Amino acid sequence: MSDNQISTTELTSQYIAQVTSDLERNSKEQERLATDIAALQEQLLALQHDHTVLVNMHQALGGTSPATGTAAAVPSVPSQSSARTKQPKAAKDVKAAKPKKAAATGAAKKAEAKKPEPRKTAAKAAKTTVQPSLVDLIRGHLEAQKEPRSAAEITTALTAAHPERTIKTTVVRTTLENLVARSSAHRNKQGSSVFYTATTETPTAAEPAAAAG
């Protein structure tokens, strides 16, 4: 009887150790997946916000085609939120509510885009005289700096200088890359950080004009 008791005790301890190990592995896997899902959700929200900004810019320039793209891209948000939530009823409520809000905002944006059409020349003239474009703001900021600046630093400086405007780091980074592609800015990578400086061509091109004036 003593031998049987010893063997059963050893088996029980082995099972306990195995179950404990499985529980730890399961918990770590859940934490890893939750972190990945949260990161993907943040990336998705940032991309959708950038998409909205770009659509507004496209409509302000007279384009109409991206309007269907926004309607197709919006329903992807509920699918991500439903993946994160484990309650089916809450996920259904989110799916039912968000497309309605997106449709309402889409209709409001279309209405706002249609209103200025009869006054295209007056509205565009007012915009150009009142607010400079983001490209001009970024280029002017780079030209005024003596040291390289990152996209985050430029965003902070422009937001402080123009609090009435909504300026996102992702949009600033995209604009900077476009300036680099047009040789209007330099891109320097230091470790894991990227810094931008203004090119030297613009001052030299401006000097003859100043001399002529």
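Residues numbered from 1 in each chain as written. Predicted model: local features only at pLDDT ≥ 70, side-chain atom pairs only at ≥ 80, totals over all residues. Heavy atoms only, no water.

(A) Fine view of unusual backbone geometry. Positive phi, close to 60 degrees, is recorded for Ser183, a residue that is not glycine. For Ser183, the position within the fold is in the loop between α8 (169-181) and β1 (185-190). (Helix = DSSP H or I, 4+ residues; strand = E, 2+ residues; numbered from the N terminus.)

(B) Structural context of the nonpolar core. Residues Leu134, Ile138, Leu142, Ile154, Leu158, Val172 and Leu176 are the most contacted members of the largest nonpolar core, which totals 14 residues. Where this core is concerned, the elements lending two or more residues are α6 (134-144), α7 (151-161) and α8. Not counting chain neighbours up to four residues away, the residues in contact with Leu142 comprise Ile154, Leu176, Ala185, Tyr196, Thr197 and Ala198. (Core = buried A, V, L, I, M, F, W, Y, C linked by side-chain atoms within 4.5 Å. Buried < 20%, exposed > 50% of the residue type's maximum accessible area, 1.4 Å probe, protein only. Contact = heavy atoms within 4.5 Å.)

(C) The arrangement of α6 in detail. Residues of α6 that are buried: Leu134, Leu137, Ile138, His141 and Leu142. Within α6, the buried residues cover an arc of 130 degrees as seen down the axis, which keeps them to one side. Considering only its buried residues, α6 is in contact with α7, α8, β1 and β2 (193-198). (Arc of directions from axis to C-beta.)

(D) Structural context of the confidence of the model for the chain. Chain-level statistics for the chain give a pLDDT mean of 74 and a share of 61% at 70 or above. Within the model, the stretch residues 67-85 combines pLDDT values under 50 with 27 contacts to residues more than four positions away or in other chains. Contacts from residues 202-213, a stretch scored under 50 in pLDDT, to residues over four places away or in other chains number 1 contact. (pLDDT = per-residue confidence, 0-100.)

(E) Layout of the packing of α7 against α8. Contact geometry for α7 and α8: axes closest at 9 Å, N-to-C directions at 115 degrees. Remark: the crossing between α7 and α8 carries right-handed chirality. Here Ala151, Ala152, Ile154 and Thr155 of α7 come into contact with α8, specifically with Thr169, Val172, Arg173 and Leu176. Of the residues assigned to the contact of α7 with α8, the class counts are 5 nonpolar, 2 polar and 1 charged. (Axes fitted to C-alpha atoms, helices over the stretch in contact; angles between N-to-C directions. Left-handed = near helix turned anticlockwise from the far one by under 90°. Nonpolar A, V, L, I, M, F, W, Y, C, P; charged D, E, K, R; others polar.)

(F) Quick peek at the pairing of β1. As paired elements, β1 and β2 share 6 bridges and run antiparallel to each other. Each residue of the ladder has a partner; that of His186, found in β2, is Thr197. Counting the residues between successive antiparallel strands, the hairpin from β1 to β2 contains 2 residues, one of them, Gly191, with a positive phi of roughly 70 degrees. (Pairing = 2+ DSSP bridges.)

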